[in-house]
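Inside the fold
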Amino acid sequence: MNVVDIIHEAIASKRTRFAFELLPPLKGDGSQKIFAAIEPLMPYDPAYINITFHREGIKETVREDGSVDWHVVRRRPGTVGISAAIQQRYGVEVVPHLICGGLSKYDIEDTLIDMDFLGLHNVLALRGDKSQNERRFMPHPQGHAHAVDLVRQIDGMNHGRFIDGEVEECHHSKFSIGVAGYPEVHFEARDITSDIAHLKAKIDAGAEYVITQMFFDNRKYFDFVRRCREAGITVPIIPGLKPLSTLRHLEVLPETFSVEIPEELVREAKAHPESVKQIGTEWTIAQSRELMAAGVPVLHYYTMSRTTNIQKIVSTLF
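Here's what I pulled together on the structure shown here. Chains are numbered independently. Their residues run from 1 in the order of the written sequence. Totals for whole chains, interfaces and linings use every residue, but because this is a predicted model, local features are given only for residues with pLDDT of at least 70 and side-chain atom pairs only at 80 or more, for both listing and counting. Processing note: side-chain calculations cover all non-hydrogen atoms of the structure and skip hydrogens and water entirely.

1. Thoughts on the overall build of the chain
Numbering of helices and strands runs from the N terminus, with a helix taken as a DSSP run of H or I at least four residues long and a strand as a DSSP run of E at least two residues long. A tally of helices and strands in the chain yields 11 helices and 12 strands. Radius of gyration here uses only the C-alpha atoms, and the compact-globule reference equals 2.2 Å multiplied by the residue count raised to the power 0.38. What you see for the chain is a C-alpha radius of gyration of 20 Å, in line with the 20 Å of a compact globule of 318 residues. Dimensions along the principal axes, computed over C-alpha positions, put the chain at roughly 60 × 55 × 45 Å. When contacts within the chain are restricted to residue pairs at least 6 apart in sequence, long-range pairs at least 24 apart make up 75% of them. Note on contacts: a residue pair is in contact if any heavy atoms of the two residues lie within 4.5 Å.

What follows is the structure, encoded as structure tokens:
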């Protein structure tokens, strides 16, 4: 079943479900760590699982003669492979992320074909971050500069259109396309109005639902949804939540994701550093309860690689 159908089924049944997001294994690791993270959550019936996609990095090697060799490395390859393995093992829908950064349109097309062959019919379409050696995001010379163009390519394949043109009597993919939304505004956007206009363009291009960037104040989500509806965006908008786990998150999350952490949460975490994980978990439970009361169909949890706090949250709520 496509994720958009799962979301609409939850809306129709007035039953909130949960989903979560994981990183693919580091290069050299097997699948057991990610399976170990997933298994404790399966009894609570997750709606779907997202798997992130990671850009290439640049590694510098100094040769014996003093010259420098630069080459591309990928610390977390295998998004499509691990997504297929998870879906086959657990029978739950998996949503691989797909990004513009570092990929040509032909690379993207090949990846989508592989996903279709493997029975992966959901994708989260993202522009992705800049590379570590870039001052600002630079698209591949034969790639896409914006997520909306990636959405158009995926939607085009669903209608039998490929990079080199239409293929007569071809098999049509049936990808359900999700995109990202930003309750606290994308850091590159001019303002909230232009940011929502860009989001609407992605919906108009074929995206069927939105997953928000993490937020710690539900008022920001509710205001974002209101603004989106006023702008004519009618698709489901799934809230993204990230439990605070360490004191370092107080600096890293705002810096990395351009989000605000409420002063009340900051104050409590700093006053009780030995209990940060518990404090963060309880905060997310309170957020979740309010969102469930408001009738959201799915709560999307950003877990990264460890799911112990998510297990506490879903065992409490679900």
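From this point, things continue past the structure.
2. Brief notes about the nonpolar core
We call a set of buried Ala, Val, Leu, Ile, Met, Phe, Trp, Tyr and Cys residues a nonpolar core when their side-chain atoms join them within 4.5 Å. For every residue, the accessible area obtained with a 1.4 Å probe (protein chains only) is divided by the maximum for its type, and the residue is called buried under 20%, exposed over 50%, and partly exposed between those limits. Of all hydrophobic cores here, the largest spans 59 residues; its most connected members are Ile86 and Tyr301. If we ignore the near neighbours within four places in the chain, the residues touching tyrosine 301 are Phe18, Ala19, Phe20, Glu21, Leu241, Thr284, Ser288, Ile310, Ile313, Val314, Leu317 and Phe318. Core analysis: the second largest hydrophobic core is formed by 30 residues, Ile99, Tyr209, Ile261 and Ile279 among them.

3. What about the packing of aromatic side chains?
Put simply, two rings from Phe, Tyr or Trp (the six-membered ring, in Trp's case) pair if the centres are within 6.5 Å, and we call them stacked under 30 degrees between planes, edge-to-face over 60, tilted for the rest. In the structure shown here, the tally under the stated rule is five aromatic pairs. Aromatic pair phenylalanine 18 and phenylalanine 318: ring centres 5.2 Å apart, planes at 45°, arrangement tilted. Remark: phenylalanine 318 occurs in the segment after α11 (308-317) and phenylalanine 18 occurs in strand β1 (residues 17-22); sequence separation between them is 300 residues. Classification of phenylalanine 318 as partly exposed rests on a relative accessible area of 32%. Taken together, a centroid distance of 5.8 Å and an interplanar angle of 80° make the contact between phenylalanine 35 and tyrosine 90 edge-to-face. Taken together, the residues span a long stretch of sequence, with phenylalanine 35 in helix α2 (residues 32-38) and tyrosine 90 in helix α3 (residues 79-90) at a distance of 55 residues. Accessibility assignment for this pair places phenylalanine 35 and tyrosine 90 in one class, buried.

4. Topic: the pattern of salt bridges
For this analysis, a salt bridge means a side-chain nitrogen from Lys or Arg found within 4 Å of a carboxyl oxygen belonging to Asp or Glu. With the rule as written, the count across this model stands at 13 salt bridges. A salt bridge links arginine 127 to glutamate 188; the nearest nitrogen and oxygen atoms lie 2.8 Å apart. Here arginine 127 is found in the loop between β6 (122-126) and α5 (147-158), whereas its partner glutamate 188 is found in the loop between β9 (176-181) and α6 (192-205), with 61 residues between them in sequence. By relative accessible area, arginine 127 is classed as buried at 16%. Look at glutamate 188 and you get partly exposed, because its relative accessible area is 45%. What emerges from the salt-bridge pattern is a single network uniting Asp223, Arg226, Arg227 and Glu230.

5. Quick notes on the side chain of histidine 97
By the secondary structure assignment, histidine 97 is in strand β5 (residues 94-99). By relative accessible area, which is 6% here, histidine 97 ends up buried. Among the polar contacts made by the side chain of histidine 97, one reaches the side chain of asparagine 50 at a distance of 3.1 Å. The contact partners of histidine 97, leaving out residues within four places of it in the chain, are Glu21, Asn50, Ile51, Thr52, Phe53, Thr79, Leu124 and Leu126. Any pair of N or O atoms that falls within 3.5 Å is considered a polar contact. Within protein, one atom must be able to donate a hydrogen and the other to accept it, and sequence-neighbouring residues count only if both atoms are side-chain atoms.

6. Some words on the pairing of strand β11 (residues 237-241)
The buried count for β11 comes to five of five residues, which makes it a mostly enclosed element. Every second residue of β11 is oriented toward a common face, with Ile237, Pro239 and Leu241 on one face and Ile238 and Gly240 on the other, all of them buried.

7. Here's the deal with the packing of α5 against α6
Axis definition: a line fitted to C-alpha atoms, over the contacting stretch in the case of helices. Angles run 0 to 180 degrees between N-to-C directions. Packing of α5 against α6 leaves a shortest axis separation of 8 Å and a crossing angle of 10°. Taken together, the axes of α5 and α6 are roughly parallel relative to one another. Between α5, through Ala147, Val148, Val151, Arg152 and Asp155, and α6, the contact on the second element is made entirely by Ala201, Lys202 and Ala205. In this classification, the charged set is Asp, Glu, Lys and Arg, the nonpolar set is Ala, Val, Leu, Ile, Met, Phe, Trp, Tyr, Cys and Pro, and all remaining amino acids, among them Gly, are polar. Across the contact of α5 with α6, the residue classes break down as five nonpolar, no polar and three charged. With respect to orientation, any angle under 35 degrees is reported as roughly parallel, any angle over 145 as roughly antiparallel, any angle of 65 to 115 as roughly perpendicular, and every other angle as oblique.

8. Comments concerning helix α1 (residues 3-13)
Of all the residues in α1, the buried ones are Val3, Val4, Ile6, Ile7 and Ala10. Buried residues in α1, looked at end-on, bunch into an arc of 160°, giving them a common side. Just downstream of α1 lies lysine 14, where phi reads positive at about 55°. Arc definition: it is the arc formed by the directions from the helix axis to the C-beta atoms.

9. A few points about the pairing of β9
With six of six residues buried, β9 lies mostly within the body of the structure. Burial of β9 is two-sided: the residues Ser176, Gly178 and Ala180 facing one way and the residues Ile177, Val179 and Gly181 facing the other way are all buried. Only strands that DSSP links by at least two bridges are regarded as paired with each other. The pairing of β9 with strand β10 (residues 209-214) spans four bridges and is parallel. Pairing of alanine 180 across the sheet is with isoleucine 211, part of β10. Remark: the β9/α6/β10 crossover connection has right-handed handedness. Consider the strands pointing away from the viewer: the crossover is right-handed when the path from the first strand over the helix to the second runs clockwise.

10. A short note on the environment of lysine 242
Residue placement: lysine 242 occurs in the loop between β11 and α8 (249-257). Residue classification places lysine 242 among the buried residues on the basis of a relative accessible area of 6%. A C-alpha to C-alpha distance of 9.9 Å links lysine 242 and phenylalanine 20, two positions 222 residues apart in sequence.

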